[in-house]
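# Secondary and tertiary structure notes
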Amino acid sequence: MSAKIAALTARINAEQPDDEHAGNGRWTYEGSVPFADLGAAALDAKVPHVHRFRLGNGLRLLLLVDKSAPVVSYFTWFRVGSRHEKPGKTGLAHLFEHLMFNETDNLEAGEFDRKLEENGAESNAATWLDWTYYYESLPKDRLSLAVRLESERMAHLVLREPQVVSEKEVVANERRMRVDDDVEGAANEMLYKMAFTKHPYHWPTIGWMQDIENFTPADCTTFYKTYYAPNNATIVVVGDVREAEVLQKIRDGYRTISSSVLPDEDTFPEPPQLETCELTLKKPTASEKMLIGYRGPALGDADHATLSVLNEVLFGGRAARMYRELVVDKELCTDLRGWVSTFRDPGLYEIYFTARPGVAIGDVMKVADGELAKARESLVTDEELARAKARLELGLLQSLETIGGKAEQLGFYDTVLGDPTAAFRRLEAYRRATAGELRTAARRYFNDQTRTMIRVVPESTPTEENAE
């Protein structure tokens, strides 16, 4: 398979036009990895492979042929998120998620979406701490449209005063709705603001309101020319396509776009947390809530999969320990969940509780802390371990059921971990996890001195709100 794709790449390069962009448009084939579970199946020639390529201007391509449906999914992942911003300029990465659907040199405002809708496509975008992506899912014979539109907005976005002001207003309203006027959104923002003091995970992806209001076209132009460049992007194509067609179309669409000079990483590691951080917020809520953030591992750490299995034992579904104790047996909570952050750098293990109206969150925490202590002191049962692993495996495999799901997972793991098929390594890690390893993880991460606690109480509760 690799020899065949290498020969195809050489043929495409031989057809490269001999002009000033010839260097930008030359493909390098960087090998293939099987898109399948580990083991004997990965050695089967019939197993589809993810092929990796790089253009001369630095643009990377991940290509997976999937003929299960006559469609194609086209993702563009940029290795930029809120972690790449600076104090005073927070929210720029998210603002661009809006700006990129706006006017370009060759497309009027609204024309990008209109062309996709006319051709039966769907599109969207997302920004987070470590990355930003844009995607289109469309009929397979409309691949050229995705290439043309995405290459156009990578190189020719219009960033004048009217466009920037308009999108700033949209983002400011989004912040009011999702954070300022949302109880859980405000509490979650405060959780990260307190838990991180040095690392850029300290500020929210949407940005601080003052920064959003002060963005200028010059700020946007600098950010765009720096990070929205081919050498900071990976295109993921999954669908009913031919390799030669994809290579030719992407080469022709992007070869005239020059690479940028990317700044070196300038991130301060978060210092150790030596004592519990606590804050009480008064909000318009009918019942008390608690958000807890323990120091957690990075997505690439060996502990991440183990802690994810333990989280399923504690919070995964109606048979989980916390749900059974707090919702079913003692009827103290109406909602609860846990999540191990999937960040490139160490993040948080988040826990969230909503008490029943009239129930003090302190009563909830007595039970919850007891369950966390039990996880540190004793082994989970074989039945709990098997159920947790089955839930995680099912969730991962369900995320790969669709062509769009495959493209998203490939791009996510490639951008965060540098391994497009790392999902299958995680699946193996889930399967290997033992009860003893779960107990060790609980002892390593469930430490009171390394947790941040945000208590939310109804505004009528006589307590002081301290947002320092």
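Above this text sits the structure in question.
Since we're looking at a predicted model, the values are computed, not measured.

## Structural notes on the overall build of the protein chain
Helix and strand counts for the protein chain come out as 16 helices and 12 strands. Whereas a compact globule of 468 residues would reach a radius of gyration of roughly 23 Å, the protein chain reaches 24 Å, a difference of no more than 12%. Seen along its three principal axes, the alpha-carbon backbone of the protein chain occupies a region of about 75 × 55 × 40 Å. The 468 residues of the protein chain split such that 57% are buried. A sequence separation of at least 24 residues applies to 80% of the contacts in the protein chain between residues at least 6 apart. Total accessible area on the protein chain stands at roughly 20300 Å², and carbon and sulfur atoms take up 49% of it. Placing the 57 positive and 74 negative side-chain charges of the protein chain at their respective mean positions leaves the two points 4 Å apart.

## Structural notes on the sheet that holds strand β12 (residues 451–458)
The strand order across the open sheet built from 5 strands is β8-β12-β9-β11-β10, with neighbouring strands paired in mixed fashion. Edge positions in the sheet fall to β8 (277–283) and β10 (333–340), since each has one partner strand and no second. Mean inter-strand twist for the sheet, computed between neighbouring axes without regard to direction, equals 10 degrees. Across 7 bridges, strand β9 (residues 289–295) lies against strand β11 (residues 348–355) in antiparallel orientation. Bridging from a neighbouring strand, M290 pairs with F353 of β11. Its contacts with the sheet put helix α6 (residues 183–195) on β8, β9, β10, β11 and β12, and the angle it makes with β12 is roughly 150 degrees. Helix α10 (residues 302–315) contacts β10 and β11 of the sheet and is inclined by roughly 170 degrees relative to β10.

## Brief notes about the side chain of K115
By the element assignment, K115 lies in helix α3 (residues 111–118). Look at K115 and you get buried, because its relative accessible area is 18%.

## Some thoughts on the packing of α10 against helix α16 (residues 435–445)
A pair of packed helices is captured by two measures, namely the crossing angle of their axes and the spacing between those axes. For the pair α10 and α16, the least separation of the axes is 9 Å and the interaxial angle reads 95 degrees. Between α10 and α16, the crossing angle belongs to the class labelled roughly perpendicular. Facing D303, T306, L307, V309, L310 and V313 of α10, the residues of α16 in contact are E437, L438, A441, A442, R444 and Y445.

## Observations concerning unusual backbone geometry
At E331, a residue that is not glycine, the phi angle is positive and equals roughly 50 degrees. Mapped onto the secondary structure, E331 falls in the loop between α11 (321–329) and β10. On the basis of relative accessible area, E331 is assigned to the partly exposed category, the value being 47%.

## A closer look at the sheet that holds strand β3 (residues 60–65)
Strands sit in the order β1-β2-β3-β7-β4-β6-β5 across an open sheet of 7 strands; the sheet is mixed. In this open sheet, the two edge strands, each paired with only one partner strand, are β1 (28–34) and β5 (122–127). Between one strand and the next, the sheet's axes are offset by a mean angle of 15 degrees, whatever the strand orientation. The pairing of strand β4 (residues 71–78) with strand β7 (residues 233–239) spans 7 bridges and is classified as antiparallel. Within the sheet, the bridge partner assigned to F78 lies in β7 and is A233.

## A look at the packing of aromatic side chains
One pass over the structure, following the stated rule, counts 33 aromatic pairs. Taking 5.3 Å as the distance between ring centres and 40 degrees as the angle between the ring planes, the aromatic pair formed by Y29 and F53 counts as tilted. Taken as a pair, Y29 in strand β1 and F53 in strand β2 (residues 49–54) lie far apart in primary sequence, 24 residues in all. We note that Y29, like F53, is buried.

## Here's the deal with helix α14 (residues 403–417)
With 15 residues, α14 should cover 21 Å at 1.5 Å per step; its first-to-last C-alpha distance of 21 Å lies within 8% of that length. The buried fraction of α14 amounts to 12 of the 15 residues, a majority that puts the element mostly inside the structure. Where α14 is buried, its residues contact β2, β3, β4, β7 and α15 (422–432). Within two residues after α14, G418 carries a phi angle of roughly 75 degrees, on the positive side.

## Considering the pattern of salt bridges
Two side chains carrying opposite charge are able to pair once their charged atoms lie near each other. Overall, the coordinates contain 38 salt bridges when judged by the stated rule. In this structure, R175 engages E189 in a salt bridge whose closest nitrogen and oxygen atoms are separated by 2.8 Å. With R175 in helix α5 (residues 161–180) and E189 in helix α6, this residue pair connects regions lying 14 residues apart in the sequence. Take R175: its relative accessible area is 6%, and that puts it in the buried class. Taking the shortest distance from any N to any O, the salt bridge between E265 and R344 comes out at 3.2 Å. Of the two residues, E265 sits in the loop between α9 (243–254) and β8 while R344 sits in the loop between β10 and β11, which places them 79 residues apart along the sequence. Here the salt bridges do not stand alone but share partners, grouping R83, D130, E265, R344 and D345 into one network.

## Focus: the pairing of β5
Relative to strand β6 (residues 132–139), β5 is paired through 6 bridges, and the arrangement is antiparallel. Looking across to β6, one finds that N124 is bridged to Y135. Turn length for the β5-β6 hairpin, with the two strands adjacent in sequence and antiparallel, is 4 residues.

## Quick notes on helix α8 (residues 217–227)
Every buried residue of α8 is listed here: P217, D219, C220, F223, Y224, T226 and Y227. Looking at the buried side of α8, the elements it contacts are β4, α2 (92–99), α4 (143–155), α5 and α7 (209–214).

## Some details on the side chain of Q16
As for its position among the elements, Q16 is in the loop between α1 (2–14) and β1. The residues touching Q16, leaving out its near neighbours within four places in the chain, are H21, A22, G25, R251 and R255.

The rules behind the values
Residues numbered from 1 in each chain as written. Predicted model: local features only at pLDDT ≥ 70, side-chain atom pairs only at ≥ 80, totals over all residues. Heavy atoms only, no water. Helix = DSSP H or I, 4+ residues; strand = E, 2+ residues; numbered from the N terminus. Rg over C-alpha atoms; globule rule 2.2 N^0.38 Å. Buried < 20%, exposed > 50% of the residue type's maximum accessible area, 1.4 Å probe, protein only. Contact = heavy atoms within 4.5 Å. Areas by Shrake-Rupley, 256 points an atom, 1.4 Å probe, with all protein chains shown as cover. Lys, Arg positive; Asp, Glu negative; His and termini not counted. Charge placed at Lys NZ, Arg CZ, Asp CG, Glu CD. Pairing = 2+ DSSP bridges. Axes fitted to C-alpha atoms, helices over the stretch in contact; angles between N-to-C directions. Parallel < 35°, antiparallel > 145°, perpendicular 65-115°, else oblique. Phe/Tyr/Trp six-rings, centres within 6.5 Å; stacked < 30°, edge-to-face > 60°. Expected span 1.5 Å × (residues − 1). Salt bridge = Lys/Arg side-chain N within 4 Å of Asp/Glu carboxyl O.

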